[in-house]
Amino acid sequence: MPHAKGYRNSTRYKFAKPFGQRGSIRISNYLTEFHLGDYVDIIVDGAIHKGMPHHPFHGRTGRIYNINPRSVGVLVKKTVRNREVVKRIHVRVEHVRKSKVREAFLNRIRENDRLKHEAKKAGKRISTKRQPAGPRAAHVVKVTNHVYQHPETFQELF
């Protein structure tokens, strides 16, 4: 067999667009504003070949460190043997989406600030640390309609 390890090898399904999203390119890809330090998800758009990152970076989350007119520089961690190496790649904006990885964290900060403000008004001190869910409370399981089964002994046919 010939050598088949090109730049896009094993990407038949990885770079394929989902059902219903084929066709013309969405203009929102180009209108999104990116800022230094933003977290972005690298999702390769298989219809656009320019500025396409190598397939190991597809689905990774990175941080923007450089902005150009049509592309952004992204810092991505890549596992190499027993360590993580920070790679600097430049990707066109069609292959990048703003990540929602920090939304839950920022929402938690806002909620904690609101709770602290209310507690300060009331003259109390509260802890905003996250607590792990403890064991469930003890309870008795009551079964009302239980059916008794009468199993038959196993008999071999042969």
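Residues numbered from 1 in each chain as written. Predicted model: local features only at pLDDT ≥ 70, side-chain atom pairs only at ≥ 80, totals over all residues. Heavy atoms only, no water.

### Examining a nonpolar patch on the surface
Moving on, step 1. Nonpolar side chains collect at one region of the surface, where Ile25, Ile27, Tyr30 and Leu31 lie side by side and expose about 420 Å² of accessible area between them.
Moving on, step 2. Residue placement: Ile27 occurs in the segment before α1 (28–31).
Moving on, step 3. Look at Ile27 and you get exposed, because its relative accessible area is 58%. (Patch = residues over 30% accessible without salt bridge, like charges linked within 9 Å, V, L, I, M, F, W, Y side chains within 5 Å. Areas by Shrake-Rupley, 256 points an atom, 1.4 Å probe, with all protein chains shown as cover. Salt bridge = Lys/Arg side-chain N within 4 Å of Asp/Glu carboxyl O. Helix = DSSP H or I, 4+ residues; strand = E, 2+ residues; numbered from the N terminus. Buried < 20%, exposed > 50% of the residue type's maximum accessible area, 1.4 Å probe, protein only.)

### Brief notes about the sheet that holds strand β5 (residues 96–98)
Moving on, step 1. The strand order β4-β3-β2-β1-β5 describes an open sheet built from five strands, whose pairing is antiparallel. Edge positions in the sheet fall to β4 (83–92) and β5, since each has one partner strand and no second. Each neighbouring strand pair of the sheet contributes to a mean axis angle of 45°, computed without reference to strand direction.
Moving on, step 2. With three bridges connecting them, strand β1 (residues 39–42) and β5 associate as antiparallel partners. Bridge pairing in β5 links Ile42 to Val96. (Pairing = 2+ DSSP bridges. Axes fitted to C-alpha atoms, helices over the stretch in contact; angles between N-to-C directions.)

### What to know about the nonpolar core
Across soluble globular proteins, nonpolar side chains have a tendency to be buried as a group.
Moving on, step 1. If you look at the biggest cluster of nonpolar residues, it comprises twelve residues: Phe34, Val40, Ile42, Phe57, Ile64, Val72, Val74, Val76, Ile89, Val91, Val93 and Val96.
Moving on, step 2. Residue assignment for this core shows that the elements contributing at least two residues are β1, β3 (71–80) and β4.
Moving on, step 3. Among the elements that line this core, the one with the most residues is β3, at three residues.
Moving on, step 4. Apart from residues lying up to four places away in sequence, Val74 is in contact with Val40, Ile42, Gly62, Arg63, Ile64, Tyr65, Lys87, Arg88 and Ile89. (Core = buried A, V, L, I, M, F, W, Y, C linked by side-chain atoms within 4.5 Å. Contact = heavy atoms within 4.5 Å.)

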